[in-house]
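Next come the chains, spelled out residue by residue.
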Amino acid sequence: MQKILVTGASGFVGSRFVERWRNEYTVLAPSHAEMDITDAVSVERYVLENSPQVIVHLAALSNTWYCEQHPDESYSVNVIGVCNLASAASRNGIKFVFFSSDQVYNGNCESGLLAEDIAVSPENVYGRHKLEAEQRALEICPTAVALRASWMYDNERPGMPTHANFVINIAKAIKERAPLILPVREYRGITWVREAVEFLPATFNLAGGVYNYGAPNDKDTYETACCYCEMLVGLQSGPLLHPDYERYPVHERNLSMLPDKIFRASGGTICFSTTMDGLRIFAEIGGSVHM
Ligand SMILES: NC(=O)c1ccc[n+]([C@@H]2O[C@H](COP(=O)([O-])OP(=O)(O)OC[C@H]3O[C@@H](n4cnc5c(N)ncnc54)[C@H](OP(=O)(O)O)[C@@H]3O)[C@@H](O)[C@H]2O)c1
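Keep in mind the model is a prediction, meaning the values are calculated, not measured.

Draft legend 1. Inspection of the overall build of the protein chain at higher detail. A count of helices and strands for the protein chain gives 11 helices and 12 strands. Whereas a compact globule of 291 residues would reach a radius of gyration of roughly 19 Å, the protein chain reaches 19 Å, a difference of no more than 12%. Looking at the protein chain residue by residue over its 291 residues, the buried ones come to 44%. In the protein chain, the share of contacts with a sequence separation of at least 24, taken over all contacts with a separation of at least 6, comes to 77%.

This is how it looks when you write it as structure tokens:
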């Protein structure tokens, strides 16, 4: 079996990755305490002792607000951490796959689905650090695969962490009868984490580079939520969702990604459902409303 080193295995994506793939690969999942990615020596030692063939790097400081308040810590984990793993991968001939973010597009003014080759200039610390990590990792390890992930969702699952995410926020609003105020001038892909996890092994065969990695979505965030509520049988979205027309007054916030490059490069294997289709399937199997 191929041996995979996964970082961030206790996190939202990492825990689901381990659960899905532990029987098909030898999955090495050191905790933060066992391998601190900001410590180059600790990373190199772990890699040499365990000889993985692939590194799936999911550890990060993933909270954008926290990164804004703690830029040095964000730099250390989200840039230096990536460089340390890229160096270990490069020195030891290991395929390196890591998660970047759609937040690299948060300074863009273009509308429509965004491709990887447009110029980007992120406006927050997290986005800038993710972009620098992509650039530096590819300099260190040209075969590295940087996956620009979008906002991901899933149900709460026993023993696995779940952040505030799109479907959980709606479920909470239903449960607490507390309306959600959602931006109309925001476009972003919203991806079921199950798809992101399912496609990961197919990324091991990709050529080095940056790839959009998430569901395309042409609807704004408020409209996306209205559609999702309609999918949940018998739910009236009217009293639950309120449109916010004021947020993002200067230019619409558009993080919506076009996932065509990865579709072509994987020979059609990595084919993300649209946000609407993903939510429809999620709703059909119960959605988060029954959590
Ligand atoms: N979740 C999303 O919707 C989303 C969207 C776009 C991109 N992403 C990206 O996708 C990746 C996975 O995100 P996620 O949501 O799974 O993150 P997460 O739930 O916040 O998990 C982060 C993981 O990183 C570990 N970690 C943090 N600092 C570390 C360090 N110095 N050394 C070793 N491990 C460390 C954490 O372990 P401890 O808790 O023990 O510190 C935890 O296991 C990240 O790159 C994130 O930026 C996520």
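Draft legend 2. Layout of the site of the ligand. Residues in close proximity to the ligand total 24 residues, the closest being Gly8, Gly11, Ala59, Ala60 and Phe99. At the level of elements, α1 (12-21), α4 (71-92), β4 (95-101) and β6 (151-153) are the ones that each hand at least two residues to the shell around the ligand. Here the shell around the ligand takes 3 residues from α1, the largest share from any one element. Across the shell around the ligand, the residue classes tally to 12 nonpolar, 11 polar and 1 charged.

Draft legend 3. Local environment of the environment of serine 237. Here serine 237 lies in the loop between α9 (221-231) and β11 (241-244). Linking serine 237 and cysteine 227, residues 10 residues apart in sequence, is a C-alpha distance of 8.6 Å. Contacts of serine 237, omitting those with residues within four sequence positions, involve Cys226, Cys229 and Glu230.

Draft legend 4. Structural view of α9. Among the residues making up α9, those that are buried are Thr221, Tyr222, Thr224, Ala225, Tyr228 and Cys229. Take α9 and look down its axis: the buried residues cluster within an arc of 160 degrees, on one side only. For α9, the secondary structure elements touched by its buried residues are α6 (166-176), β7 (180-183), β8 (186-187), β9 (190-192), β11 and α11 (275-284).

Draft legend 5. Quick peek at helix α2 (residues 40-50). Three or more residues of α2 are buried, namely Val43, Tyr46 and Val47. The buried residues of α2 all sit within an arc of 95 degrees when viewed along its axis, so they share a single face. Among the exposed residues of α2, those pointing more than 90 degrees away from its buried face are Val41, Leu48 and Glu49. Buried positions along α2 lie against α4.

Draft legend 6. Summary view of the environment of serine 87. Within the secondary structure, serine 87 is located in helix α4. Owing to 19 C-beta atoms within 10 Å, serine 87 belongs among the partly exposed residues under this scheme. Here the alpha-carbon distance between serine 87 and isoleucine 140, two residues 53 residues apart in the chain, equals 6.1 Å. Excluding residues within four positions of it along the chain, serine 87 makes contact with Ala40 and Ile140.

Draft legend 7. Region of the structure containing the environment of aspartate 244. Positionally, aspartate 244 belongs in strand β11. Under the C-beta neighbour-count criterion, aspartate 244 is labelled partly exposed, with 15 such atoms within 10 Å. Setting aside residues up to four positions removed in sequence, aspartate 244 forms contacts with Ile181, Leu182, Pro183 and Val184.

Draft legend 8. Highlighting the confidence of the model for the protein chain. Averaged over all residues, the pLDDT of the protein chain equals 95, while 97% of them reach at least 70. Mean pLDDT per element in the protein chain: α6 is the minimum at 91, and strand β5 (residues 145-149) is the maximum at 99.

Draft legend 9. Fine view of the sheet that holds β5. Strand order in the open sheet formed by 6 strands is β2-β1-β3-β4-β5-β10, with parallel pairing between adjacent strands. Of all the strands in the sheet, the pair left with one neighbour each is β2 (26-28) and β10 (209-213). Averaged over neighbouring strand pairs, the angle between their axes works out to 25 degrees when direction is ignored. Note that β5 and β10 share 5 bridges and pair parallel. If you follow arginine 148 over to β10, its bridge partner there is asparagine 212. Packed onto the sheet, α1 meets β1 (3-7), β2 and β3 (54-57) and runs at close to 160 degrees relative to β1.

Rules of the game
- Residues numbered from 1 in each chain as written.
- Predicted model: local features only at pLDDT ≥ 70, side-chain atom pairs only at ≥ 80, totals over all residues.
- Helix = DSSP H or I, 4+ residues; strand = E, 2+ residues; numbered from the N terminus.
- Rg over C-alpha atoms; globule rule 2.2 N^0.38 Å.
- Buried ≥ 20, exposed ≤ 12 C-beta atoms within 10 Å, placed from the backbone.
- Contact = placed C-beta atoms within 7 Å.
- Near = placed C-beta within 6 Å.
- Nonpolar A, V, L, I, M, F, W, Y, C, P; charged D, E, K, R; others polar.
- Arc of directions from axis to C-beta.
- pLDDT = per-residue confidence, 0-100.
- Pairing = 2+ DSSP bridges.
- Axes fitted to C-alpha atoms, helices over the stretch in contact; angles between N-to-C directions.

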